[in-house]
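Listed here are the chains, written in short residue letters.
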Amino acid sequence: MMAVKVKSREILQMVTAYPLGKSVFDLQKEMGLPSIINLSEIENVFGCSPKVKNHLTHQLDHLFTYPDGSARLLTTKLAEFLNVKSDQLFIGNGSDEIIRLLLRAFLNAGDEAVMAEITFPRYKTNVTIEGGRPVLVPLIEGTHDLDRMLASITENTKLIFVCNPNNPTGTIVEKKKLEDFIAKVPEHILIVLDEAYYEYATSEEYLQSVPFLKKFSNLVILRTFSKVYGLAGLRIGYGMMDSYIAAELNKVKEVFNVNQLAQAAAIVALEDQGFRLECVERNEEGKHLLESELTKMGYSYFHTQANFMMIHTGQPGDIVCRELLKHGLLVKSGAALGYPDAIRVTISSMQDNHYFIKCLKNIENRNGGVS
């Protein structure tokens, strides 16, 4: 094979590709397992609304047409649902795309972006790709240290990311602390409040952030249809922001960035709030079960307001993951997430939750208990 002499951008020497790992199919074949329960990805294991599935079959005759590049119908529906103006909304190919576009539109080379040290990793990756400098602030017991984030602001700061609930810990920032934080950030710095797991947060301490858009023009709120609405495979998310920011994002986005099936599915999913509430209730039941059983077993964990849990195993997460895989359970090792002695587990059906606890007990008994 010939050596490639064309060199990529120098900044890419500081970036590594997102570690996708082996597919469930490959692992199943490799381990000789009849099936694998995948609790490693943060997905809605209950799927999407049945109404979405029925509706999409009627969209198949239109696949030869380009999607609406402005997603007008979805934007109108969302504006009504969220009580915001249409020009305050931006529809993206997942909220991931909106993060990229915010940085493309607002981050100059050498600018800084403040974020938690352990949070959604694509903030750091995309800041680096755009030639910016990620400023990492350690968490306090799995939660954003807002005071230290404020103290990290310099004349070069352009954006601040707050993931609430935070991925991978599932924790939230207390309502009053987040209110004060938003008010204290200088108005020339973008506050990107990533609320991908917003719908799962049931705590009274969770801030309802949308009303703050009226007062703070530098606030951007990101949400997605990938989580509770169960549309991760279609890639569609949205952002709420000042109309000026949305207009700037339209300058740097692809013309047809969100496909027509995703737009159609999101509209129907939004209309079926009964299904969303059912998913949240089932997630709460699963969370309470796991918390109760893990406490009895002596395991500690972060108190989550999302559809996953970070569990401290007292031994390397990689080892626990391998042992669970032998039982047909795939979970995420904390080694890749900043917590080497932990695992991240998606909250699932009660049957799968019980099976996970059963397998964890088997591992514990075999290894002589939690260390």
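As a starting point, this report considers the structure included with it. (Residues numbered from 1 in each chain as written. Predicted model: local features only at pLDDT ≥ 70, side-chain atom pairs only at ≥ 80, totals over all residues. Heavy atoms only, no water.)

## A word on the packing of aromatic side chains
The description of two aromatic rings rests on the distance between their centres and on the angle between their planes. For the coordinates displayed, the defined rule picks out 10 aromatic pairs. Ring centres of F120 and Y123 lie 5.5 Å apart, and the angle between their planes is 80°; on these two criteria the pair is classed as edge-to-face. For the pair F120 and Y123, one class covers both residues: buried. Taking 5.6 Å as the distance between ring centres and 50° as the angle between the ring planes, the aromatic pair formed by F225 and Y238 counts as tilted. Placement of F225 in the loop between β7 (219-224) and β8 (237-240) and of Y238 in strand β8 is noted, with a sequence separation of 13 residues between them. The exposure classification of F225 matches that of Y238, with both residues buried. One aromatic cluster is present, built from ring pairs that chain together F120, Y123 and F161. Geometry around Y198 places R223 over its ring, the cationic atom sitting 3.5 Å from the centre. (Phe/Tyr/Trp six-rings, centres within 6.5 Å; stacked < 30°, edge-to-face > 60°. Buried < 20%, exposed > 50% of the residue type's maximum accessible area, 1.4 Å probe, protein only. Helix = DSSP H or I, 4+ residues; strand = E, 2+ residues; numbered from the N terminus. Lys NZ or Arg CZ within 6 Å of the ring centre and 35° of its normal.)

## Here we look at helix α10 (residues 273-297)
With 25 residues, α10 extends 36 Å from end C-alpha to end C-alpha; this agrees with the ideal 36 Å at 1.5 Å per step. Positive phi appears at G298, one or two residues downstream of α10, with a value of about 90°. (Expected span 1.5 Å × (residues − 1).)

## Points about the side chain of S95
Relative to the elements of secondary structure, S95 occurs in helix α4 (residues 94-106). On the basis of relative accessible area, S95 is assigned to the buried category, the value being 7%. Setting aside anything within four residues of it in sequence, one finds S95 in contact with L222, R223, T224 and G237. (Contact = heavy atoms within 4.5 Å.)

## Re unusual backbone geometry
Cis geometry marks the peptide bond from N164 to P165, where omega comes out at 0°. In this structure, P165 sits in the loop between β5 (157-163) and α7 (175-184). A cis geometry characterises the amide bond from N167 onward to P168, with omega recorded as 25°. When you line up the elements, P168 lands in the loop between β5 and α7. The backbone phi angle of E141 is positive, close to 50°, even though this residue is not glycine. Tracing the chain through its elements places E141 in the loop between β4 (133-137) and α6 (146-151).

Note that all results are geometric; they support no functional claim without further evidence.
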